[in-house]
Amino acid sequence: ERASATPDVNIKYLAVPIKKKGGTIGVVRVAMPFVNMKKELVTLDKIFIMGGFISIVLILAAGYFISKKITSPINKMSETANSIAAGDLSKRVDITAKDEIGGLAAALNKMADELQAKMSNLEKMDRVRTDFVANVSHELKTPLTSIKGFIETLEDGAIEIGRAHV
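Calculation criteria
Residues numbered from 1 in each chain as written. Predicted model: local features only at pLDDT ≥ 70, side-chain atom pairs only at ≥ 80, totals over all residues. Heavy atoms only, no water. Helix = DSSP H or I, 4+ residues; strand = E, 2+ residues; numbered from the N terminus. Expected span 1.5 Å × (residues − 1). Buried < 20%, exposed > 50% of the residue type's maximum accessible area, 1.4 Å probe, protein only. Pairing = 2+ DSSP bridges. Salt bridge = Lys/Arg side-chain N within 4 Å of Asp/Glu carboxyl O. Phe/Tyr/Trp six-rings, centres within 6.5 Å; stacked < 30°, edge-to-face > 60°.

Take helix 1 (residues 34-85) next. A rise of 1.5 Å per residue sets the reference length of helix 1, with its 52 residues, at 76 Å; its end C-alpha atoms lie 74 Å apart and thus fit the reference within 8%. Within helix 1 the residues assigned to the buried category are Pro73, Met77, Thr80 and Ile84. Phi turns positive, to about 110°, at Gly87, one or two residues after helix 1.

This part covers the pairing of strand 2 (residues 10-20). Direction of pairing for strand 2 relative to strand 3 (residues 23-33): antiparallel, over a ladder of 10 bridges. Its bridge partner being in strand 3, Tyr13 is matched across the sheet by Ala31. Hairpin remark: strand 2 followed by strand 3, antiparallel, with 2 residues in the connecting loop; positive phi at Lys21, about 55°.

Let us look at the pattern of salt bridges. Per the counting criterion, the structure on display carries 2 salt bridges. Asp113 is paired through a salt bridge with Arg92; the nearest N and O atoms lie 2.7 Å apart. One end of the pair, Asp113, is in helix 2 (residues 100-164); the other, Arg92, is in the loop between helix 1 and helix 2, and 21 residues separate them in sequence. For Asp113, a relative accessible area of 42% translates into the label partly exposed. Overall, the relative accessible area of 27% leaves Arg92 in the partly exposed class. A salt bridge links Arg129 to Asp126; its shortest N-O distance comes to 2.8 Å.

Scanning the entire structure with this criterion turns up 1 aromatic pair. For the pair Tyr64 and Phe65, a centre-to-centre distance of 5.4 Å together with 75° between the ring planes defines the contact as edge-to-face. You can call Phe65 exposed: its relative accessible area is 56%.

Following this line, the structure appears as structure tokens:
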């Protein structure tokens, strides 16, 4: 940096040698008044600040959409799992992704299918048990009623009447 012949103007000079095969074959020299350089630096600062702001906005927007893409299926699976836990075994997760979340959704659906099948089987077994107990109870009532009748007859003196005839 040095003063130029123009009064009150400082100029920044830059000189770079041009080399070829180890020797200098020329020099590239650039000169710019400091006033112009300061204007350029202010403009560059504005560009960097605006670019940084735009980058931050774009990064935040991308982060929002990526997080929604991840959390939305997880929320759906959570709601479905809570419905299944509350007894609604018909609920399923409608996620067909081929990633880890899709694998988890498929596992949740498979678990719900198996749980629904087991509950159906338990209900069927409970009906069979109830029918069996009702049938056994009915079948035992008839002989027990007969035995009870015989006992009452005997208690009413049928034994004494039978001995008197002998």
